[in-house]
Amino acid sequence: MLSQLRPAIALTAIFTLLTGLAYPFAMTGLAQGLFPDAANGSLMAREGAVIGSALIAQPFAGAGYLHPRASASGYNAAGTGATNLGPTSATLIADVAARRAAWEGLNGTDAPIDAVTTSGSGLDPDISVASALGQSGRIATARGADPAAVRALIEDAVVPPLLGMYGEARVNVLRTNIALDAAFPIAPAGGE
(Lines give C-alpha, C1' and ligand atoms only; values in the text may rest on other atoms or scores of the structure.)
Protein backbone atom coordinates (compact mmCIF):
# COMPACT_ATOMS: atom_id res chain seq x y z
CA MET A 1 0.00 0.00 0.00
CA LEU A 2 2.83 2.39 0.84
CA SER A 3 4.30 1.76 -2.60
CA GLN A 4 1.06 3.10 -4.12
CA LEU A 5 0.79 6.13 -1.82
CA ARG A 6 4.41 7.23 -2.19
CA PRO A 7 4.07 8.39 -5.87
CA ALA A 8 0.79 10.16 -5.08
CA ILE A 9 2.31 12.01 -2.12
CA ALA A 10 5.46 12.86 -4.09
CA LEU A 11 3.46 14.18 -7.06
CA THR A 12 1.24 16.23 -4.75
CA ALA A 13 4.30 17.80 -3.12
CA ILE A 14 6.02 18.44 -6.46
CA PHE A 15 2.97 20.03 -8.07
CA THR A 16 2.26 22.08 -4.94
CA LEU A 17 5.78 23.50 -5.13
CA LEU A 18 5.58 24.07 -8.89
CA THR A 19 2.09 25.51 -9.21
CA GLY A 20 1.71 26.97 -5.72
CA LEU A 21 5.13 28.59 -5.32
CA ALA A 22 7.45 28.49 -8.33
CA TYR A 23 4.94 29.57 -10.99
CA PRO A 24 3.40 32.46 -8.96
CA PHE A 25 6.84 33.75 -7.98
CA ALA A 26 8.03 33.53 -11.62
CA MET A 27 4.95 35.40 -12.91
CA THR A 28 5.27 38.04 -10.17
CA GLY A 29 8.93 38.57 -11.02
CA LEU A 30 8.19 38.73 -14.73
CA ALA A 31 5.34 41.22 -14.20
CA GLN A 32 7.51 43.38 -11.91
CA GLY A 33 10.29 43.37 -14.50
CA LEU A 34 8.18 44.03 -17.60
CA PHE A 35 5.17 46.00 -16.29
CA PRO A 36 5.98 47.37 -12.83
CA ASP A 37 3.27 50.05 -12.86
CA ALA A 38 0.49 47.60 -13.72
CA ALA A 39 1.87 44.90 -11.43
CA ASN A 40 1.69 47.29 -8.49
CA GLY A 41 -1.91 48.34 -9.15
CA SER A 42 -1.30 51.48 -11.25
CA LEU A 43 -0.95 53.55 -8.10
CA MET A 44 -0.88 57.33 -8.48
CA ALA A 45 1.24 59.41 -6.10
CA ARG A 46 1.51 63.10 -5.35
CA GLU A 47 4.41 64.46 -3.32
CA GLY A 48 5.41 60.91 -2.37
CA ALA A 49 2.00 59.91 -1.02
CA VAL A 50 -0.26 57.45 -2.82
CA ILE A 51 -3.56 59.17 -3.62
CA GLY A 52 -5.30 56.40 -5.53
CA SER A 53 -5.19 53.93 -8.37
CA ALA A 54 -5.83 54.75 -12.01
CA LEU A 55 -7.81 51.48 -12.14
CA ILE A 56 -10.38 52.23 -9.41
CA ALA A 57 -12.85 55.12 -9.35
CA GLN A 58 -12.91 57.53 -6.46
CA PRO A 59 -15.60 60.02 -5.54
CA PHE A 60 -14.71 63.53 -6.69
CA ALA A 61 -17.38 66.07 -5.81
CA GLY A 62 -15.65 69.46 -5.97
CA ALA A 63 -16.76 71.84 -8.72
CA GLY A 64 -13.17 72.07 -10.01
CA TYR A 65 -12.85 68.34 -10.67
CA LEU A 66 -14.08 65.81 -13.19
CA HIS A 67 -16.78 63.74 -11.55
CA PRO A 68 -16.68 59.97 -12.10
CA ARG A 69 -19.50 57.74 -13.17
CA ALA A 70 -22.10 57.08 -10.47
CA SER A 71 -21.41 54.07 -8.27
CA ALA A 72 -24.05 51.67 -6.99
CA SER A 73 -21.59 50.57 -4.28
CA GLY A 74 -20.63 54.05 -3.09
CA TYR A 75 -17.10 53.55 -4.52
CA ASN A 76 -16.55 50.80 -1.93
CA ALA A 77 -14.11 48.31 -3.41
CA ALA A 78 -15.06 45.74 -0.76
CA GLY A 79 -18.69 45.64 -1.86
CA THR A 80 -18.64 46.34 -5.58
CA GLY A 81 -21.44 45.54 -7.92
CA ALA A 82 -24.39 46.82 -9.84
CA THR A 83 -27.89 47.42 -8.53
CA ASN A 84 -29.38 44.61 -10.63
CA LEU A 85 -32.43 46.79 -11.28
CA GLY A 86 -34.10 46.14 -14.62
CA PRO A 87 -35.03 48.75 -17.24
CA THR A 88 -38.67 48.84 -16.06
CA SER A 89 -37.77 49.32 -12.38
CA ALA A 90 -39.41 52.44 -10.94
CA THR A 91 -36.44 52.86 -8.60
CA LEU A 92 -33.95 52.78 -11.47
CA ILE A 93 -36.01 55.21 -13.55
CA ALA A 94 -36.26 57.62 -10.61
CA ASP A 95 -32.52 57.33 -9.83
CA VAL A 96 -31.55 58.02 -13.45
CA ALA A 97 -33.94 60.99 -13.62
CA ALA A 98 -32.50 62.43 -10.40
CA ARG A 99 -28.91 61.98 -11.63
CA ARG A 100 -29.82 63.57 -14.98
CA ALA A 101 -31.38 66.61 -13.30
CA ALA A 102 -28.40 67.00 -10.95
CA TRP A 103 -25.81 66.61 -13.72
CA GLU A 104 -27.56 69.00 -16.11
CA GLY A 105 -28.11 71.53 -13.32
CA LEU A 106 -24.44 71.40 -12.36
CA ASN A 107 -22.97 71.41 -15.87
CA GLY A 108 -25.59 73.22 -17.96
CA THR A 109 -25.46 70.65 -20.78
CA ASP A 110 -27.33 67.49 -21.70
CA ALA A 111 -26.15 64.53 -19.64
CA PRO A 112 -24.48 61.67 -21.51
CA ILE A 113 -25.71 58.19 -20.59
CA ASP A 114 -22.64 57.27 -18.51
CA ALA A 115 -23.18 60.37 -16.36
CA VAL A 116 -26.60 59.16 -15.22
CA THR A 117 -26.21 55.37 -14.99
CA THR A 118 -24.09 53.32 -12.64
CA SER A 119 -21.44 50.95 -13.87
CA GLY A 120 -21.48 47.19 -13.53
CA SER A 121 -18.64 47.20 -11.00
CA GLY A 122 -19.37 50.52 -9.38
CA LEU A 123 -15.70 51.41 -9.73
CA ASP A 124 -15.19 52.47 -13.36
CA PRO A 125 -12.10 54.71 -13.40
CA ASP A 126 -12.95 56.18 -16.82
CA ILE A 127 -15.78 58.27 -18.22
CA SER A 128 -16.81 58.95 -21.79
CA VAL A 129 -15.28 61.82 -23.72
CA ALA A 130 -18.74 63.45 -23.89
CA SER A 131 -19.08 63.28 -20.10
CA ALA A 132 -15.61 64.75 -19.55
CA LEU A 133 -16.04 67.57 -22.06
CA GLY A 134 -19.53 68.28 -20.72
CA GLN A 135 -17.94 69.08 -17.35
CA SER A 136 -15.21 71.35 -18.75
CA GLY A 137 -17.17 74.61 -18.41
CA ARG A 138 -17.93 74.00 -14.73
CA ILE A 139 -14.31 73.05 -14.07
CA ALA A 140 -12.97 76.15 -15.84
CA THR A 141 -15.29 78.42 -13.86
CA ALA A 142 -14.39 76.80 -10.53
CA ARG A 143 -10.66 77.05 -11.26
CA GLY A 144 -10.79 80.52 -12.81
CA ALA A 145 -9.18 79.10 -15.95
CA ASP A 146 -9.71 79.66 -19.65
CA PRO A 147 -12.48 77.25 -20.77
CA ALA A 148 -10.61 76.51 -24.02
CA ALA A 149 -7.47 75.55 -22.05
CA VAL A 150 -9.42 73.22 -19.75
CA ARG A 151 -11.15 71.67 -22.75
CA ALA A 152 -7.76 71.18 -24.48
CA LEU A 153 -6.32 69.51 -21.37
CA ILE A 154 -9.27 67.11 -21.26
CA GLU A 155 -8.95 66.39 -24.99
CA ASP A 156 -5.26 65.61 -24.47
CA ALA A 157 -6.25 63.12 -21.74
CA VAL A 158 -8.45 61.06 -24.08
CA VAL A 159 -7.34 57.44 -24.27
CA PRO A 160 -8.20 56.06 -27.74
CA PRO A 161 -9.69 52.60 -28.29
CA LEU A 162 -7.17 49.75 -28.04
CA LEU A 163 -5.53 49.28 -31.45
CA GLY A 164 -7.94 51.90 -32.75
CA MET A 165 -10.89 49.50 -32.73
CA TYR A 166 -11.48 47.80 -29.37
CA GLY A 167 -13.54 49.67 -26.82
CA GLU A 168 -14.47 53.32 -26.65
CA ALA A 169 -12.39 56.46 -26.35
CA ARG A 170 -12.36 57.40 -22.67
CA VAL A 171 -10.92 59.75 -20.08
CA ASN A 172 -9.35 58.53 -16.83
CA VAL A 173 -10.84 60.66 -14.05
CA LEU A 174 -7.99 60.46 -11.51
CA ARG A 175 -5.19 61.11 -14.02
CA THR A 176 -7.10 64.03 -15.53
CA ASN A 177 -7.85 65.55 -12.13
CA ILE A 178 -4.15 65.34 -11.24
CA ALA A 179 -3.33 67.09 -14.53
CA LEU A 180 -5.97 69.75 -13.80
CA ASP A 181 -4.43 70.40 -10.38
CA ALA A 182 -0.99 70.78 -11.96
CA ALA A 183 -2.13 73.05 -14.79
CA PHE A 184 -4.82 75.11 -13.03
CA PRO A 185 -4.36 74.99 -9.23
CA ILE A 186 -7.41 75.82 -7.15
CA ALA A 187 -6.75 78.81 -4.89
CA PRO A 188 -7.16 77.87 -1.23
CA ALA A 189 -10.20 79.28 0.57
CA GLY A 190 -9.41 82.61 2.17
CA GLY A 191 -7.34 83.91 -0.76
CA GLU A 192 -3.93 82.64 0.42
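Residues numbered from 1 in each chain as written. Predicted model: local features only at pLDDT ≥ 70, side-chain atom pairs only at ≥ 80, totals over all residues. Heavy atoms only, no water.

### Focus: the side chain of asparagine 172
For clarity, the threshold we go by: The helix and strand labels rest on DSSP assignments: H or I over at least four residues marks a helix, E over at least two residues marks a strand, and numbering proceeds from the N terminus. For this analysis, a polar contact is any N or O atom pair within 3.5 Å, provided that within protein one partner can donate a hydrogen and the other can accept it, and provided that sequence-adjacent residues contribute only side-chain to side-chain pairs. Contacts are assigned to residue pairs with any non-hydrogen atoms lying within 4.5 Å of each other.
Turning to its location among the elements, asparagine 172 is positioned in strand E5 (residues 170-172). For asparagine 172, the side chain forms a polar contact with the main-chain nitrogen of leucine 174, separated by 3.3 Å. Contact partners of asparagine 172, with chain neighbours within four places excluded, come to Ala54, Pro125 and Asp126.

### Points about the nonpolar core
Using the following cut-off: Only buried Ala, Val, Leu, Ile, Met, Phe, Trp, Tyr and Cys residues count toward a nonpolar core, and they belong to the same one when joined by side-chain atoms within 4.5 Å. Here the term buried applies to any residue with accessible area under 20% of the maximum for its type, exposed to any over 50%, and partly exposed to those in between, with areas from a 1.4 Å probe on protein chains only.
Formed by 18 residues in total, the largest nonpolar core has its most connected members in Leu66, Val150 and Ile154. Secondary structure elements with two or more residues in this core: helix H5 (129-134), helix H6 (136-143), helix H7 (147-156) and helix H8 (173-183). Discounting chain neighbours no more than four positions away, the residues touching leucine 66 are Phe60, Ile127, Ala132, Gln135, Ile139, Ile154, Val171, Val173, Thr176, Asn177 and Leu180. Core analysis: the second largest hydrophobic core is formed by five residues, Trp103, Ala111, Ala115 and Val116 among them.

### Quick look at H8
Cut-off, in case you're wondering: Working note: the arc is built from the helix axis to C-beta atom directions.
Within the sequence span of H8, burial applies to Val173, Leu174, Thr176, Asn177, Leu180 and Asp181. End-on, the buried residues of H8 take up no more than an arc of 165°, which puts them together on one face. Contact partners of the buried residues in H8: strand E1 (43-46), strand E2 (49-53), strand E3 (126-128), H6, H7 and E5. The opening residue of H8 is asparagine 172, an N-cap whose side-chain oxygen sits 3.3 Å from the backbone nitrogen of leucine 174.

### Overview of the side chain of aspartate 114
Note the following rule: The positive count covers Lys and Arg only, the negative count covers Asp and Glu only, and His and the chain ends enter neither. For salt bridges, the criterion is a side-chain nitrogen of Lys or Arg within 4 Å of an Asp or Glu carboxyl oxygen.
Examined against the element boundaries, aspartate 114 turns out to sit in helix H4 (residues 113-116). Arginine 69 is the oppositely charged side chain nearest to the buried, salt-bridge-free aspartate 114, at an N-O distance of 5.5 Å. Sequence-distant contacts of aspartate 114, defined by excluding residues within four places in its chain, comprise Arg69, Ile127, Ser128 and Ser131.

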